[in-house]
Each structure stands twice: as C-alpha cells, then as structure tokens.
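Residue-level listing of the chains:
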Amino acid sequence: MEAVTNDNATTPADSSSSPEHAARLLWTLFEPVHAVTYFAPECLAAFEEAGLRGFWRGYFAGRAAPLGAVGPAPVTAAFFSFAPAMVARALPAVWGTVAPEQVLKVREGGARAALARLSADREREVEHAAALLARYVDDLDCGGRPLAAVNAALPAPGDPHARLWHAATVLREHRGDGHVAALVAAGLDGCEVLVLRAGTDLPRSELQPFRGWTDAEWAAAAARLAGRGLLDAATGRATEAGRRVHASVEQATDRAAARPWRGVPAHEVARLVAALTPLSEACATALRFPNPIGLPGRGA
C-alpha cells in the first residue's frame, strides 16, 4: 500500500500528446509493477522469512530501507499520509531485526519472484520493457525528490524482472515525491488529504485504517477542512471548492511528474505503453480494487 495518495486517477491532462498526459498514463502502467511488493504473496513471504512478521513491518522496512536505518521522523515526512504513531510502531525497531542492506535484498528477491510468476512465458517482453523503462531512470533529475533519489542511487539489478521493478519503483517514487510537494503547496497535511480524498472518490474504509489515524484525528482534520470551505461538515463530502483543490493537486502532480517525458516523441511513449500494458495488467491481478494507493482499476 502506497504511503501517499499519489494515486491521481481523476483529472485527465488537457492534451493526449502532452508530457503531463504521458506522465499520468505511464503511472497507471508502472504503478502496478511496483505495487507487487506490497500485495504479491512472494513479497509478503520474503519479508516474513526475513523475520519481519506482520504486514506493516515489511512495508515500512522495505520502503524505507533505501534511506538507511532511519527513525520515524524522516519516514513520516517522506511518506506523508501515515499517522506518526503508526510509523513509530515500526521504526526504528525493525532495524534491530533486519539491517537495511539485507532488507533491500529481500524486497528485490520478493519482487523478482512475483514478477517472474505474474509474467510467466513473457520473459522477452519483460526484458524489452525493462530496457525501455530503465532509459528514463538513467540520469533522472531527482532534485527535491528524496525517495526517488535514494532508490535511483541503488545499483540497477541485472535480472530483467528485478530491473523492471527497480525502474518502476524509481519512477513511481519520483511521482510520489512531486505529489507530496503539491499537497504541501495546497496547504494540506497528511490526515487532511485522506479526509478530502474520502470526500471525493475513495471510501474512508480504504484510507483511515491503512494510514493509522484515530477517529479523533480524522474528525479534527475534517473540521479543519470544513473551516476552509473544502468539506461539507454534515455529509463529509468535498465541496466544489474542495474538488477544485483536489483537481489542482492532481494537475500539479502531473506537471511535476512530466519532466522525464518532456521531449519524448509520441511514438516513443506509445512504444513504452505497448510494452508495459500486458505486464502491468498481469501485475494488477495481484492487487485489489479499490485500494489505499488510489490506483484505478483497468478500464477506469
């Protein structure tokens, strides 16, 4: 489960040939590839076998490992929408069980095994897609994007399945970092963004329990949003002003995520879409919809 609602499936870009449109479209394709690390049984089993019992220990250890043996503060800041208390229950305690360097090997091995199963008999397609996507990770500008930067700094795996997963991970964290910046610029905190999203298009049951906010914290965030005219206090639904804020965040996220795709010819984007689509669809079978990531189901 993604830590931030960088999930932006509700506001289409203005032009089907724009870098912003490419950024959103490609996100819907590489996000399922990355997300196997949270949902696929091979990945969950790999974390369990390493001693990280329980879903959230594996989640926080796996996603935070590129940062090193950090405590809860930087992870709460970077992941953004998790309650600080929830992060603190996992970090830094997990590093007493498995060191970050070992966690990196465990998460790569789990992702490799999951992709190998999900893309069985498509080895050439995996190798082709990995080579194409990796081009956009090499020399990627990660300024202001800490999670993208630490993942991009890791050695690219030699195995095609792992290489595809690594490239997808760097690009989705790149987008996620930009999404966090857009949320901060919109004046939203980690709980408020979830309350606003629940008032827009995702059920509260897919957000609050998976981010650790108490009912009291949720109610306080709702009151703050209502005070800004972004939420109807009686119904919990986003107001027109709230929907505009949500849309503006999504547009800003697309603009921030568009940088790798600027100057890429439309036919190259189409080639990448064609290569990723069947593999993305295969990976999506390991996910559930709706989900806390906010990733749209196929055909949405």
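For clarity, every value in this text was computed on a predicted model and none was experimentally measured.

Student: It is not clear to me how the nonpolar core should be interpreted in this structure. Could you clarify?
Tutor: Residues Leu26, Phe60, Phe79, Leu91, Leu133, Leu164 and Trp261 are the most contacted members of the largest nonpolar core, which totals 95 residues. The dominant element in this core, judged by the number of residues it contributes, is helix α1 (residues 19-39), at 11 residues. Residues within four places of leucine 133 in sequence aside, it is in contact with Phe30, Leu164, Ala167, Ala168, Leu171, Leu272 and Leu276.

Student: Can you walk me through the layout of surface pockets in this structure?
Tutor: Empty space left among the atoms is revealed by rolling a probe the size of a water molecule over them. If you add up the space inside the second largest pocket, you get close to 160 Å³. The wall of the second largest pocket is formed by Glu101, Leu104, Lys105, Arg107, Glu108, Leu154, Pro155, Pro157, Ala162, Trp165 and His166. When contributions to the lining of the second largest pocket are tallied by element, the ones reaching two or more residues are α6 (100-118) and α9 (160-185). In terms of residues, the lining of the second largest pocket owes the most to one element, α6, which gives 5 residues.

Student: Can you help me understand the side chain of threonine 37 in this one?
Tutor: Here threonine 37 lies in helix α1. Dropping the residues within four chain positions of it, threonine 37 is found in contact with Cys43, Phe47, Arg107 and Trp165.

Quick notes on the rules
Residues numbered from 1 in each chain as written. Predicted model: local features only at pLDDT ≥ 70, side-chain atom pairs only at ≥ 80, totals over all residues. Heavy atoms only, no water. Core = buried A, V, L, I, M, F, W, Y, C linked by side-chain atoms within 4.5 Å. Buried < 20%, exposed > 50% of the residue type's maximum accessible area, 1.4 Å probe, protein only. Helix = DSSP H or I, 4+ residues; strand = E, 2+ residues; numbered from the N terminus. Contact = heavy atoms within 4.5 Å. 1 Å grid on protein atoms, 1.4 Å probe; cavity = no way out; pocket = protein on both sides within 12 Å on 5 of 7 lines; lining within 4 Å. Points joined across faces, edges and corners; volume = space filled by probe spheres on them.

None of the figures reported here should be taken as evidence of function without further support.
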